Amino acid sequence: MTVLTQFVDAVIASPAPYQDLDRIYVTNRVLGLVGDAIPATAAEPTLTGLVATLVQAAIDNGRIEATTTDREILSDQLMAFVTPLPSALNQTFWNKYQQSPQVATDYFYQLSRANDYVKTKAIAKNVVFDAATDFGDLEITINLSKPEKDPKAIAAARNQPQNGYPLCQLCMENEGYRGRLGYPARSNHRIIRMMINGEPWGFQYSPYAYFNEHAIFLDAVHRPMVINRQTFTNLLEIVHQLPHYFVGSNADLPIVGGSMLSHEHYQGGRHDFPMMKAPIAKKIDVGVAGVSAGIVKWPMSTIRLQSSDPSALVDAAVKVHDAWKDYSDETVNVRAYTGKTRHHTTTPIARKVGDDYVLDIVLRDNQTSATYPDGIFHPHQDVQHIKKENIGLIEVMGRAILPARLKTELAEVAKYLLGRHNQMVAMHQPWADALKAKYQFNQDNVTEILNQEVGRVFARVLADAGVFKWDKAGAAAFDRFIATLN
């Protein structure tokens with residue numbers, strides 16, 4: 001059985017709209033993309049292995065160049081053969097939803113993995129470990145899944161005509177899009193359509209997932225992110241429809257926000273984050289009947305609201321958000337405005353616990369200063385050797401997304417700690433020297449200690465981003481803010 005025959009068999013057996021009568025048609029479509037000379041065997045007999053062999057055949061046949069962009073475009077075009085049309089996929093999803101929301105998401109997630117839209121093989125390369133801290137076990141990941149961008153492709157992309165289609169990578173128009181230099185291939189991409197409070201939205205999975213069933217909920221209209229009453233209402237409606245998922249929104253301001261502020265969207269999925277496990281340190285009253293509230297024992301300043309009544313919960317969330325937007329306390333460097341520039345917003349996260357809805361509201365401030373040019377409530381310079389990027393939704397909840405450079409850099413730090421020849425990056429020197437003075441290192445313990453210390457640095461990163469610190473002055477300042485709610 002040849003690679004081509006195996007692939008066509010997989011297409012016929014897939015949920016895609018092909019039957020045995022379509023075998024010749026599919027064969028010719030594949031040959032048209034790949035060329036006539038195809039190897040008899042594949043390195044791996046899996047679907048992804050067959051596709052990889054066909055992509056290499058296309059290169060050997062001169063159909064595509066051996067570039068990352070051309071490889072990704074053709075790979076996704078081939079995977080589109082095993083992917084149902086959007087209309088058929090949506091019908092199946094909502095039919096399965098009648099059994100249960102989890103049955104529906106299980107179907108969509110497994111399909112997104114099977115057709116390689118969710119890059120499971122790449123995601124498996126990520127380094128993942130837990131680290132014990134004063135705020136519980138934090139989740140540390142070193143992100144190795146996203147491929148490095150080809151400098152030649154980046155340079156070439158600058159010279160490509162920009163037609164503004166799709167407007168961004170979160171627009172509905174990405175579904176089935178071929179891709180181009182500097183823009184990802186999406187031939188095998190599918191979006192579930194759903195109504196959120198009377199407005200059309202989409203639901204998809206993240207190709208390079210940072211946690212289990214990492215989902216993205218996107219507005220059908222391309223418009224900027226904003227945190228307001230509608231946001232809280234939408235989040236609670238999503239967890240009502242998908243009660244086994246959490247959903248949250250990045251903040252809507254630079255520095256404290258996510259990387260995509262131009263398109264309204266949320267992130268969610270099926271994962272219990274460290275912040276969700278954190279207890280209430282102090283009960284508070286936000287003055288809304290039927291809503292219990294408390295300050296969460298968490299390095300970032302978080303108010304947890306809980307109620308079985310979504311409307312009351314939205315009222316409480318709006319009350320906290322609106323109060324924070326205009327709140328200043330110079331004694332702890334908290335300023336709502338400088339001139340007409342607003343600095344305050346929130347990062348909200350919703351989930352269901354039994355019959356109750358829970359909203360965690362994280363207070364954010366994006367000021368900068370001469371001392372902290374990257375942000376007063378942003379990772380400070382002394383921890384930027386580990387993490388200097390924005391603290392977005394996922395990290396707010398206690399899962400670090402650390403840069404790929406750390407895999408090799410930490411290996412060199414380990415050599416330094418063991419007294420071996422090394423090429424340690426200079427920015428790690430003060431930290432490494434402090435560790436050397438604190439521990440006796442050997443081959444058996446160096447990795448474990450380094451992992452724990454990276455976790456402690458990440459806890460400090462989160463503390464830097466917290467507007468009210470866990471000290472006497474911070475507690476008093478937090479109490480002053482809470483008093484304004486009543």
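Check the entry above for the structure.
Residues numbered from 1 in each chain as written. Predicted model: local features only at pLDDT ≥ 70, side-chain atom pairs only at ≥ 80, totals over all residues. Heavy atoms only, no water.

Caption draft 1: Structural detail: the nonpolar core. Residues F203, F217, V286, L305, L359, F468 and F481 are the most contacted members of the largest nonpolar core, which totals 60 residues. Ranked by the residues each element gives to this core, the list is headed by helix α11 (residues 310-325), at 8 residues. Contacts of L305, omitting those with residues within four sequence positions, involve V286, V291, S292, A293, L313, A316, A317, Y357, V358, L359 and I361. Membership of the second largest hydrophobic core comes to 48 residues, among which are I391, L417, L435 and I449. (Core = buried A, V, L, I, M, F, W, Y, C linked by side-chain atoms within 4.5 Å. Buried < 20%, exposed > 50% of the residue type's maximum accessible area, 1.4 Å probe, protein only. Helix = DSSP H or I, 4+ residues; strand = E, 2+ residues; numbered from the N terminus. Contact = heavy atoms within 4.5 Å.)

Caption draft 2: Broad picture of the pattern of salt bridges. Tallying each qualifying case throughout the model produces 26 salt bridges. Close ionic contact of R23 with D9 constitutes a salt bridge, the shortest N to O distance being 2.5 Å. Here R23, found in helix α2 (residues 23-34), pairs with D9, found in helix α1 (residues 3-13); they are 14 residues apart in sequence, far enough to count as distant. A relative accessible area of 26% means that R23 is categorised as partly exposed. Members of the salt-bridge network, linked through shared partners, are D9, D20 and R23. (Salt bridge = Lys/Arg side-chain N within 4 Å of Asp/Glu carboxyl O.)

Caption draft 3: Highlighting unusual backbone geometry. A cis amide bond links Y165 to the next residue, P166, at an omega of -15°. Within the secondary structure layout, P166 lies in the loop between α8 (151-158) and β3 (192-196). Unlike most non-glycine residues, D116 shows phi in positive territory, near 65°. Structurally, the position occupied by D116 is in the loop between α6 (101-114) and α7 (120-123).

Caption draft 4: Local environment of the environment of A404. Checked against the element boundaries, A404 lands in the loop between β15 (399-402) and α13 (405-417). We classify A404 as partly exposed; its relative accessible area is 28%. A C-alpha to C-alpha distance of 14 Å links A404 and V425, two positions 21 residues apart in sequence. Not counting chain neighbours up to four residues away, the residues in contact with A404 comprise I142, N143 and L144.

Caption draft 5: Focus on the state of the cysteines. Tallied over the entire structure, the rule returns 0 disulfides. Cysteine C168 remains unbridged, with the sulfur of C171 as its closest cysteine sulfur at 3.8 Å. (Disulfide = S-S within 2.5 Å.)

Caption draft 6: Molecular detail of the pairing of strand β9 (residues 292-296). The buried fraction of β9 amounts to 4 of the 5 residues, a majority that puts the element mostly inside the structure. Here strand β8 (residues 280-284) runs beside β9; their pairing, made up of 4 bridges, is antiparallel. When the sheet's bridge partners are listed, K283 is paired in β9 with G294. Of the strand pairs in this sheet, β9 and strand β10 (residues 302-307) are connected by 4 bridges, and their pairing is antiparallel. Counterpart to I295 in the pairing with β10 is I303. (Pairing = 2+ DSSP bridges.)

Caption draft 7: Fine view of the sheet that holds β3. Ordered by their spatial adjacency, 10 strands build an open sheet running β3-β4-β5-β7-β6-β13-β14-β10-β9-β8, and the pairing between neighbours is antiparallel. Since the sheet does not close on itself, it has two edges, and those belong to β3 and β8, each with one partner. Strand-to-strand twist across the sheet, computed as the mean angle between neighbouring axes with direction ignored, equals 25°. As judged from the 5 bridges shared by strand β4 (residues 199-205) and strand β5 (residues 215-219), these two strands associate in the antiparallel manner. (Axes fitted to C-alpha atoms, helices over the stretch in contact; angles between N-to-C directions.)

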